[in-house]
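Coordinate inspection notes
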Amino acid sequence: MAKLIIRGGNRLEGVMRICGAKNSVLPILAASLLVSEKSVLQNCPALSDVRLASEILRRLGCTVEREEDRITIDPAHADGTVIPEKLMSEMRSSIIFLGAMAARNGRAVLSAPGGCDLGPRPIDLHLAALRKMGAEIVEEGGIVDCRVNGRLHGAEIRFPFVSVGATENVLIAAAAADGATRILNAACEPEICDLAQFLIRCGARITGAGTSRIIVEGVRKLHGCEHRVIPDRIAAATYLLAASVTGGDITLSDVEPQQLSAVLPRLQETGCELSVGSRRIRVRAKGRPKALSPLVTAPYPGFPTDAQAPFMALCCIADGTTAFEETIFRNRFRHAAELNRMGAEIGVTGQSAVVKGVPFLHGARVSATDLRGGAALVLAALSAEGETEISQVHHIDRGYESMECALSSLGASAVRTETWQIKEENRIIRTAFAM
Ligand code: EPZ
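Here is a short report on the structure shown in this document. In this text, all values refer to a predicted model and were calculated from it rather than measured experimentally. (Residues numbered from 1 in each chain as written. Predicted model: local features only at pLDDT ≥ 70, side-chain atom pairs only at ≥ 80, totals over all residues. Heavy atoms only, no water.)

**Some remarks on the overall build of the protein chain**
Selection rule: A run of DSSP states H or I qualifies as a helix once it reaches four residues; a run of E qualifies as a strand once it reaches two. Both are numbered from the N-terminal end. Working definition: with a 1.4 Å probe on protein chains only, accessible area under 20% of the residue-type maximum means buried, over 50% means exposed, and in between means partly exposed. Contacts: residue pairs with any heavy atoms within 4.5 Å of one another. All accessibility values rest on the Shrake-Rupley procedure with a 1.4 Å probe; residue burial counts only the protein chains present in the view. A positive count includes Lys and Arg, and a negative count includes Asp and Glu. His and the chain ends are not counted in either. All charge positions are set by atom: Lys at NZ, Arg at CZ, Asp at CG, Glu at CD.
A count of helices and strands for the protein chain gives 15 helices and 23 strands. Projecting the C-alpha coordinates of the protein chain onto the three principal axes gives extents of approximately 65 × 40 × 40 Å. Within the protein chain, the fraction of its 435 residues that count as buried is 58%. If you take every contact in the protein chain between residues at least 6 apart in sequence, the share linking residues at least 24 apart comes to 72%. Summing over all exposed atoms, the protein chain offers an accessible surface of approximately 16,300 Å²; the carbon and sulfur share of this is 50%. Charge-centre separation for the protein chain: the mean point of 49 positive side chains lies 1 Å from the mean point of 48 negative side chains.

Pasting the structure below:
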């Protein structure tokens, strides 16, 4: 398996362009199934999750072509109704295809995304909402079999708590449903707005995206469109932190600062100097980071759960103690044990963690536990004394484009040992395609 070898102590500085958002392009790729003609997505990140989502579309009968950061999807012959279990197990978020497949072909058969690194990944909200819109769904032996007689119909969907994926599934299904759908207690993340913007460009009638109350008037036919995916706010947060943990000076371009409204003040709290332009953010670290006041994750516009692990890496070397409360996922502190192997002092109790800052970390052999936990280990390695070897790098490749190359361009000593990972990805896709 591929490994990252990082030698800490280099001060990172320079300019980096932030790529398109993983958590935006994935639901938009699913939504492209709804339309009757070609769609072209620009600013698509080169990530394993995006390659897997593209394979799912091909498996369903679409042609999907990538040229640089542009992906063209032609769903003309997308009459597939089954997502191979192998592809589902590789990417939990494939459940996002359910609404689009049900709306387009009246049938969707996929395996329930089992537990993963963040804890159980239930889909009860997705299924309850689609049932309310007329889908007949049978769950048996880990397989979800969804049928729609005729068209889905509009409904009032009131979520008991915020779910990004369930909001996206309903938004997609409702765009082509018969009648109006009201989504109450909807997720407000920027990725929801981006998905809505794509659907509106395809002819959908949506109001309220970005608020907790979204109204969708279903339309009979949606056409293709061209759409530029928004920048990845979590990748931006991660690279801003790379400046902070190395005493560096990094400028990010092609970012949307307002999407980081809960993150930037916390960076300033650590003592960083920020200068924010319309699509640029510069961070200059000033000495050892200061500890933070309690950091509690919450749905947007609260502090993003995906930035929790990267911030924890910073707090490991901060001057003082920081308390974390993870309110979104049940098991999102698995990176703490790996950080402690590098000399961090983190205590975890359930969904709370206390990080007592130490003057420095030391290099170690650690293993990425999940996507953002892996990013936290990279940040810790950049600041550590000595060399760190990070295994299970495929987790990191799901959400960061060639992280070692991006960091090396800023002055880091970071290399990937094997390219075996790419071969493994291709093997997974080949076997899935052959099924
Ligand atoms: C999306 O996951 C993101 N993934 C996650 O990013 C992100 O952490 C999460 O939203 C929260 O912002 C993508 O967009 C591909 P949820 P999602 O439904 O949709 C529970 C990353 O690192 N829940 O908002 O799966 C669920 O278990 C990834 O980029 C149910 O109980 O998250 C969780 O505790 C990680 N039943 C909470 O709700 C359901 O039917 C929020 O999950 C659905 C969710």
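**Quick word on the site of the ligand**
As a reminder, the rule being used: Note on definitions. A residue lies near a molecule or strand when any single heavy atom of the residue is within 4 Å of it. Whenever a nitrogen or oxygen atom comes within 3.5 Å of another N or O atom, the pair is scored as a polar contact, on the condition that within protein one atom can donate a hydrogen and the other can accept it, and that pairs from neighbouring residues in sequence are kept only if both atoms are in side chains. Residues are grouped as follows: Ala, Val, Leu, Ile, Met, Phe, Trp, Tyr, Cys and Pro are nonpolar; Asp, Glu, Lys and Arg are charged; every other residue, Gly included, is polar.
Every one of the 22 residues lining the ligand counts as a neighbour, but Asp124, Ser163, Gly165, Asp306 and Ile328 are closest to it. At 2.8 Å from an oxygen atom of the ligand is found a side-chain nitrogen or oxygen belonging to Arg372. When the ligand sits alone it has 830 Å² of accessible area, and the protein chains cover 85% of it. Counting residues per element, the ones that place at least two in the shell around the ligand are helix H1 (22-31), helix H5 (124-132), helix H6 (164-175) and helix H12 (371-383). Among the residues forming the shell around the ligand, the class breakdown is ten nonpolar, six polar and six charged.

**Some remarks on the side chain of Ser94**
Summarising the element assignment, Ser94 is placed in the loop between helix H3 (85-90) and helix H4 (98-105). We classify Ser94 as buried; its relative accessible area is 0%. The residues contacting Ser94, other than those within four sequence positions of it, are Ile56, Ile83, Leu87 and Met88.

**Observations concerning the pairing of strand S14 (residues 249-253)**
Keep this limit in mind: In this scheme, strands are said to pair when DSSP sees at least two bridges between them.
Most of S14 is tucked away, with five of its five residues classed as buried. In S14, alternate side chains face the same way, and those of Asp249, Thr251 and Ser253 on one face and Ile250 and Leu252 on the other are all buried. Judged from the five bridges that link them, strand S2 (residues 13-17) and S14 form a sheet pairing that is parallel. Within S14, the residue paired with Gly14 across the bridge is Ile250. Examined bridge by bridge, S14 and strand S16 (residues 280-284) share five bridges and lie antiparallel to one another. Considered in S16, the bridge of Asp249 is made with Arg284.

**What about the packing of aromatic side chains?**
Applicable threshold: For Phe, Tyr and Trp, rings pair up if their centres lie within 6.5 Å, where Trp contributes its six-membered ring, and each pair is then called stacked (planes under 30 degrees apart), edge-to-face (over 60) or tilted (otherwise).
Considering all chains together, one arrives at two aromatic pairs under this definition. Consider the rings of Tyr239 and Tyr400, whose centres lie 6.3 Å apart with planes at 85°: the pair is edge-to-face. Note that Tyr239 is positioned in helix H8 (residues 233-246) and Tyr400 in the loop between helix H13 (394-397) and helix H14 (403-408), a separation of 161 residues in sequence. A single burial state applies to Tyr239 and to Tyr400, both of which are buried. Where Phe303 meets Phe311, the ring centres are 5.1 Å apart and the plane angle is 85°; that geometry is what we call edge-to-face. Of the two residues examined, Phe303 and Phe311, each falls in the buried class.

**Regarding the pairing of strand S20 (residues 352-356)**
Where burial is concerned, the two faces of S20 differ: the one with Ala353 and Val355 is buried and the one with Ser352, Val354 and Lys356 is not. As paired elements, strand S18 (residues 321-325) and S20 share five bridges and run antiparallel to each other. Following the sheet pairing, Phe324 is matched in S20 by Ala353. Sheet topology note: the strand S19 (residues 345-349)/S20 ladder contains five bridges and is antiparallel. The partner of Glu345 across the bridge, within S20, is Lys356.

**Details of the packing of H8 against helix H10 (residues 308-315)**
Selection criterion: Working convention: axes come from line fits to C-alpha atoms, limited for helices to the stretch in contact. Angles between N-to-C directions cover 0 to 180 degrees. In these notes the angle categories are as follows: under 35 degrees is roughly parallel, over 145 is roughly antiparallel, 65 to 115 is roughly perpendicular, and the rest is oblique.
For the pair H8 and H10, interaxial distance at closest approach is 10 Å and the crossing angle is 5°. What the angle tells us is that H8 and H10 run roughly parallel. On H10, the residues touching Thr238, Leu241, Ser244 and Val245 of H8 are Pro310, Phe311 and Leu314. Of the residues contributing to the contact of H8 with H10, the split by class is five nonpolar, two polar and no charged.

**A few points about the nonpolar core**
Selection rule: Definition used in this section: a nonpolar core is a set of buried Ala, Val, Leu, Ile, Met, Phe, Trp, Tyr and Cys residues joined via side-chain atoms within 4.5 Å.
Membership of the largest hydrophobic core comes to 77 residues, with the highest contact counts inside it found for Leu29, Leu33, Ile83, Phe97, Met133, Leu171 and Leu199. No other element matches H6, which puts seven residues into this core. Excluding residues within four positions of it along the chain, Phe97 makes contact with Ala30, Leu33, Ala53, Ile56, Leu57, Leu60 and Ile83. The next biggest cluster of nonpolar side chains, apart from the first, holds 73 residues, and it includes Ala237, Leu292, Ile317 and Ala364.

Note that all results are geometric; they support no functional claim without further evidence.
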